[in-house]
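# Geometric and topological summary
Letter by letter, the chains look like this.
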Amino acid sequence: MLEKLLGDLNEAQREAVTATEGYVRVVAGAGTGKTKTLSRRFVYLAEGLGISPASILCVTFTNQAAAEMKRRIRALLPGRDLGYICTFHSFAVTLLREDCHVVQYPETFTVLDNADKEDILKEIFSDLGITSRELTVRDASDYIGAWKGGHDYVPTLIDPDLTKLTNAVEAAQEVRQRVLWRYLYETRKTFGLDFDDLIYFALHILRRDKESREKWQGRLEYILVDEYQDIDKDEYALSELLAGEHHNLFVVGDPDQTIYTFRGADVRFILDFQTVHPEGQTVFLRENYRSRAPILTAANALIAHNTQRLEKELIPTLAGGQKPLYYHAPIPEAEAGWVVEKIRDRLDAGDDPGSIAILYRAHHQSRSFEEALMRSKIPYTLYNGVEFYRRKEIKDVLGYLRMIFAGDDLSFLRTVNEPRRSMGKKRISFLREQAVHSGKSLYDTLKSSLGLPLFQGTRARDYVSLIEELRAAWKGMKLTDLLSRLLAESGYEEYLRLCGAQDRLDNLSELKQSIFDYEASAGEDVTLGEYLDLAALFTDLDRKEKTRSVRLMTVHAAKGLEFPTVFLAGFNEGSFPSRKVLTPEGLEEERRLCYVAYTRAGERLYLSDTEGPLGAGSLRLPSRFLFDTGEENLDFVEPLDPSLRLPDALPLPPLVGNFAFRPGDRVKHPILGSGTVEALDEEKKAYRIRFDQLTTPRSIAAGMKLEKL
Ligand code: ATP
Ligand code: MG
């Protein structure tokens, strides 16, 4: 039996799988089998040691990665309940569904995704009469996120006395603060938790409630975390806390693949792991099983240019293969044409389209490749899930499901007049006023107001009957059946048909298919609540994939994945590294991102860039990372013209727009004195400067005359 579990692993991997007790860290380069080792350890704990899988928490970076890991583990442990294989956010949801009574939240609390957060903010903006010149919704959203990260706000939020929140709205001087407190009030009122709240609430409960803490610490005998190099301080706190009783924490990661610093990831957690846990152990894996030797040579040469790194070995086990092939195109169409021609060659050679990926730095770069693939009738999947789950029809239907399940105000407002039921602004304001007085939800207010003359001539009664009927019925139904019934009885599908909105109907079919697949893959009885949680947690990294299609995605989304054939397109200076990068640290992160891109490839890696459309004025050059990789490590379709070479000493991308200073620069303001530039705000065309004499940073217009110190 042990032979079956360990036989196909190398010695170091076996050591990592079988060192089950204590704090264990695996530090290793791309494709060395970290993820394989982690999932095998799960199986080894269950089969080799007889640990109940319900006592194991296994954390992955995306929901998609969790689904994939479950699939693999289920193949080795058929018929077993797999416990907690999930992301930090979905684990937090599970914990809160069980324990949020500690903070007096109902277990039917709503998970608010980023689009919900924006919807709430838009409402607040219109209510408070805030214009986008004063503040944008995006800025408000970022501000709230950052504020939550720096304040112990949960106690205020969970206080049953809501007047503290309303008073804070009144007292707030600054517009951002007013929005913030109003947002806290709105989400509190409907028991909605946004992504930040999920983690902070879980931490709050574990820290303050002994019973809950001891329960979870006792229950989770083993904790495994993949992609640990991209963990942030809150996730770190959560994993350390959960491991507080059994002290069995196993983490795997590659410091060279830290690519989420911009979202708070901190590589120090993996680097300092052994210092924090001196009794722990570290296993290094050296052999790469994914990429042909010439691809690894290129990747190793590239990453060696980073100064902030731990050097580590990465030895190919797959000999043979070709050097990465570089193509410099004269115009974008030519680049896309070349990529599609190469894809054609692979398909003619019998490769599955699913074995091919086109990667790029930023979402908008997919356009020309999509068009070229479409023209050539090659099936492709664009990983751009935010788009999918943010589409109106998808949000509407999920809103209906949530209405049945939780009945929160946000879902009510989204669905009550969709399709039209004559429930316009006037009637909604009436409900709002009533609800403020009674403290009831909008839906319950409507239910008890149906008899009023105001609602005569509307179809509000139909809406209420629909929700009531489905609420009575859903518990015994399969999700797919519930959805079909909902689409038929609400008139929503019919309405789209009448509009002739075929693309939106197609999206609904895709949603049905995704629910169907979810039911099939979850393997256990799934409830509406679980599905809604999952849907709310979907991000652009989790686009449901069509099999047998070429994958198009950003390099960020490709993290952890592998493909026999990889194209890294749009490999231009200014695109990759992005011209938004302004610091040496930022540039190193871009280089790591490029390393991630190269190391996704197994058999073949193609790189391409293009000159701008003629007449665009700006000269576009190949990426500096091409030269970091070393021309000797690449093959070229045509020799590179020397004029395309970047000047030798080019430490950072050129300064952007009107900015004359970079973050980190010391400057002197004629009135405010000296200070340090912290950030550049391209939209506002302003610097954020922390002045030595002031306690908070200030926003200073880029045109202001400042002296460099
Ligand atoms: P990344 O850093 O990109 O996340 P990783 O270290 O997690 O990579 P895996 O994805 O686990 O690497 O493994 C890479 C490939 O190598 C997979 O196809 C895996 O099946 C294969 N592999 C791992 N270990 C071995 C082994 N001992 N023998 C043969 N193949 C292996
Ligand atoms: Mg991995």
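Parameters and conventions
- Residues numbered from 1 in each chain as written.
- Chains lettered and ligands numbered in written order.
- Predicted model: local features only at pLDDT ≥ 70, side-chain atom pairs only at ≥ 80, totals over all residues.
- Heavy atoms only, no water.
- Phe/Tyr/Trp six-rings, centres within 6.5 Å; stacked < 30°, edge-to-face > 60°.
- Helix = DSSP H or I, 4+ residues; strand = E, 2+ residues; numbered from the N terminus.
- Lys NZ or Arg CZ within 6 Å of the ring centre and 35° of its normal.
- Contact = heavy atoms within 4.5 Å.
- Domains from an automatic or database assignment.
- Buried area = accessible area lost by both parts, 1.4 Å probe.
- Salt bridge = Lys/Arg side-chain N within 4 Å of Asp/Glu carboxyl O.
- Polar contact = N/O pair within 3.5 Å; in protein donor to acceptor, adjacent residues only side chain to side chain.

Moving on: the packing of aromatic side chains. Counted by the stated rule, this structure contains 27 aromatic pairs. With a centroid separation of 6.0 Å and 85° between ring planes, the pair formed by Tyr 153 and Tyr 200 is classed as edge-to-face. A residue pair is termed long-range when its members are at least 10 positions apart, and Tyr 153 in the loop between α7 (137-150) and α8 (154-158) and Tyr 200 in helix α11 (residues 195-208) qualify at 47 residues. Taken together, Tyr 326, Phe 571, Phe 576, Phe 625 and Phe 636 form an aromatic cluster joined through their ring pairs. The cationic tip of Arg 97 hangs over the ring face of Phe 109; the distance from NZ or CZ to the ring centre is 4.0 Å.

Position of Tyr 595 relative to the elements: it lies in helix α29 (residues 584-598). Residues Tyr 595 and Phe 61, 534 residues apart in the sequence, show an inter-C-alpha distance of 18 Å. Not counting residues within four places of it along the chain, the set of residues in contact with Tyr 595 comprises Gly 29, Ala 30, Asp 254, Asp 256, Gln 257, Ala 299, Leu 302, Ile 303 and Leu 314.

What follows deals with the domain arrangement of the protein. According to the domain assignment, the protein consists of domain 1 (2-97 + 201-285), domain 2 (110-190), domain 3 (302-385 + 549-644), domain 4 (388-512) and domain 5 (666-708). For domain 1 versus domain 3, the distance between C-alpha centres works out to 31 Å. Between domain 1 and domain 3, a total of about 1500 Å² is buried, with carbon and sulfur atoms accounting for 57% of that surface. Three residues, Ala 30, Asp 256 and Ile 259, lead the burial of domain 1 against domain 3; their summed loss comes to 43% of the area buried on that side. Counting across the interface, domain 1 meets domain 3 through 5 salt bridges. A salt bridge links Lys 559 to Glu 227, with the shortest nitrogen-to-oxygen separation between them at 3.4 Å. Taken together, domain 1 and domain 3 are joined by 9 residue pairs in polar contact (both at pLDDT 80 or more).

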